[in-house]
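# A structural walkthrough
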Amino acid sequence: MFFYPRPRVDIAEVPSVSHAGAVLLTDTIGATGLAHSLREALDPWTKPLAEHHAAKVSLDLAMTLAVGGEVASDTDLLRCEPGVFGDVASAPTISRILTALAQDAPAVIEAISQARRVARERAWVLAGDHSPAAAASAKKPLVIDLDATLITAHSEKEQAAPTFKRGYGFHPLCAFLDHGSDGTGEPLAIQLRPGNAGSNTAADHISVTRQALAQLPAGPLVRGGQGSKKVLIRTDGAGGTKDFLQWLTRRRLAYSVGFTLPANKPDLLKRIDEAAAWTPAYDSDDDGVRDGAFVAELTGLLDLTGCPAGMRVIVRKERPHPGAQLQITDHEGMRITAFATNTPRGQLPTLELRHRRRARCEDRIRNAKDMGLEKFPLQGFAQNQIWCQIIQLASELVAWMQTIALTSTDARKWEPKRLRARLFEVPAILVRRARRKILHLAQHAPEAVKVLTGVNRLRTAVAQT
């Protein structure tokens, strides 16, 4: 007995289209002007009579990662559907173009970054009230999360090195713009580093923050929030170095970074206990008090010599959840953490909850790994730097598509795996009628209406601007 039908299986030429829902991504490319800006940016690295432009190859690779591919050869997922994705270069041609771009990597990375910034500005305009910058202010700033991750290399790729966790590979440092609880986020910078790169290197944090700020559209943000504190830099204790904090202060940027407490931590906590200065912490949904969690300010009890003026230190204590592994830094059965911020006002529980939401960055990194960051398929370090740009293009296409086309649905928060299963892989057939191509989405597909609504929203947004 079989639970499922057993139809006869053969191969035939049919007008069906796989990954038909990826038309949401191709329309996003058109709506944001990314194809045009990237073509202008990569013109110097494309031969005059070349059949495949470097910009189209880069976008095809980004699209491949977005729909579930992992390496350059997976572009055959697009190549078999010219009616939706156009002409796609062969794997050898893609390899040659990537090699050519890697030979002038710094200039190419700068050109792609500029094209991404121009497209981002257009995407945010199309998103309107759903844009990340729509309500940005000193009280509710744009949040840029910094975090590093370890990528294992299974072969001796250029500049792969042993990691502090006894692995082998790379240690990229990433910057993501947080879209808040109503969305996901978009990458602003991924700085590829050898596996033995330090976790708390101030120079690297400054470099990746510069790259991230350069990606913010000009206008009310005053490019990087300089002078307005409309941008908050949020990171863990690896970014809590005096040099980095001083640099953020000089740029007049808000920050919320992890802070390592001094050796006399027990004495400090005792003084807080004696002063009864603990305040109940908020729950993660900001809908009430979190049981067994408290916050207090330590600023006046610490020697902050060498730290920037206006820096505050806030400490949190919470009883570890059942089953949590105890740590040597725990105090009297309580998990103790601290962070530093230069935000002068606001309730301590609110500031602490804002910092704790930095954990979203780990979700952004996990999603980026699902779109190419999990492995670096190329041999050269410069080639893999170009690959990081393609990963960012893929992640941004998905984020912009969700921001513009899926604003009123829970799909705004869907991660890549679910987007592929529910939207990008919607079945369809492609027909010609009156000299026009029509993509008929399968009516029985659960999310066919959502795909059609999203496409119409993208095209309407373009028509209205």
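See the structure shown above.
Residues numbered from 1 in each chain as written. Predicted model: local features only at pLDDT ≥ 70, side-chain atom pairs only at ≥ 80, totals over all residues. Heavy atoms only, no water.

Taken in spatial order, the 3 strands of this open sheet run β3-β5-β4, and their pairing is antiparallel. Every other strand in the sheet has two partners, leaving β3 (151-152) and β4 (161-162) as the edge strands with one partner each. Across 2 bridges, β4 lies against strand β5 (residues 168-170) in antiparallel orientation. Paired with Ala 161 across the two strands is Gly 169, which belongs to β5. (Pairing = 2+ DSSP bridges. Helix = DSSP H or I, 4+ residues; strand = E, 2+ residues; numbered from the N terminus.)

Another aspect to go through is the environment of His 179. Inspection of the secondary structure puts His 179 in the loop between β6 (173-178) and β7 (185-191). Linking His 179 and Val 143, residues 36 residues apart in sequence, is a C-alpha distance of 8.1 Å. Sequence-distant contacts of His 179, that is, excluding residues within four places in its chain, are made with Pro 132, Thr 184, Gly 185, Glu 186, Ala 399, Thr 403 and Arg 412. A polar side-chain atom of His 179 sits 2.8 Å from a polar atom in the side chain of Glu 186. (Contact = heavy atoms within 4.5 Å. Polar contact = N/O pair within 3.5 Å; in protein donor to acceptor, adjacent residues only side chain to side chain.)

Under the definition given, this model contains 3 aromatic pairs. Seen from their ring centres, Phe 170 and Phe 376 are 5.3 Å apart, and the 75 degrees between their planes marks the pair as edge-to-face. With a gap of 206 residues between them, Phe 170 in strand β5 and Phe 376 in the loop between α13 (360-373) and α14 (381-405) connect regions that are remote in the sequence. When sorted by exposure, Phe 170 lands in the same class as Phe 376, which is buried. (Phe/Tyr/Trp six-rings, centres within 6.5 Å; stacked < 30°, edge-to-face > 60°. Buried < 20%, exposed > 50% of the residue type's maximum accessible area, 1.4 Å probe, protein only.)

Here the focus is the layout of surface pockets. The rolling of a water-molecule-sized probe over the atoms marks out the regions of remaining empty space. Each pocket or cavity is described by its volume, and for the largest pocket that value is around 1,100 Å³. Around the largest pocket, the lining is made up of 35 residues, and of these Lys 139, Lys 140, Pro 141, Val 143 and Arg 354 lie nearest the centre. Element by element, the count of residues in the lining of the largest pocket is highest for helix α12 (residues 348-356), at 4 residues. In the lining of the largest pocket, the residues fall into 13 nonpolar, 9 polar and 13 charged. (1 Å grid on protein atoms, 1.4 Å probe; cavity = no way out; pocket = protein on both sides within 12 Å on 5 of 7 lines; lining within 4 Å. Points joined across faces, edges and corners; volume = space filled by probe spheres on them. Nonpolar A, V, L, I, M, F, W, Y, C, P; charged D, E, K, R; others polar.)

In terms of burial, helix α1 (residues 23-32) is a largely internal element, 8 of the 10 residues being buried. Inspection of α1 places Val 23, Leu 24, Leu 25, Asp 27, Thr 28, Ile 29, Ala 31 and Thr 32 among the buried residues, and these make up the whole buried set. Gly 33 sits one or two positions beyond α1 and adopts a positive phi of about 70 degrees.

Here we take up the packing of helix α8 (residues 202-214) against helix α10 (residues 242-250). Interhelical geometry of α8 versus α10 gives an angle of 30 degrees and a closest axis separation of 8 Å. Taken together, the axes of α8 and α10 lie roughly parallel to each other. In the packing of α8 onto α10, the handedness of the crossing is right-handed. When α8 is examined against α10, the residues Ala 202, His 205, Ile 206, Thr 209, Arg 210 and Leu 213 are found in contact with a partner set consisting of Asp 243, Phe 244, Trp 247 and Leu 248. For the contact of α8 with α10, the per-class residue count stands at 6 nonpolar, 2 polar and 2 charged. (Axes fitted to C-alpha atoms, helices over the stretch in contact; angles between N-to-C directions. Parallel < 35°, antiparallel > 145°, perpendicular 65-115°, else oblique. Left-handed = near helix turned anticlockwise from the far one by under 90°.)

Now for the pattern of salt bridges. Should their charged atoms come close, side chains of opposite charge can pair. Applying the stated criterion across every chain, the model contains 25 salt bridges. Among the ionic pairs, Asp 283 bridges to Arg 290, the shortest N-O distance being 3.2 Å. Among the ionic contacts, a cluster of salt bridges with common partners joins Asp 283, Arg 290, Arg 316, Glu 318, Glu 352 and Arg 356. (Salt bridge = Lys/Arg side-chain N within 4 Å of Asp/Glu carboxyl O.)

The next thing to look at is empty space enclosed by the protein. This structure, assessed with the given rule, holds 1 cavity of 30 Å³ or more. For the largest cavity, the calculated volume is near 130 Å³. The wall of the largest cavity is formed by 16 residues, among which Thr 184, Gly 185, Asn 367, Met 371 and Ser 395 lie closest to the centre. Counting residues per element, the ones that place at least two in the lining of the largest cavity are β7, α13, α14 and α15 (416-424). Residues belonging to the lining of the largest cavity are distributed by class as follows: 9 nonpolar, 5 polar and 2 charged.

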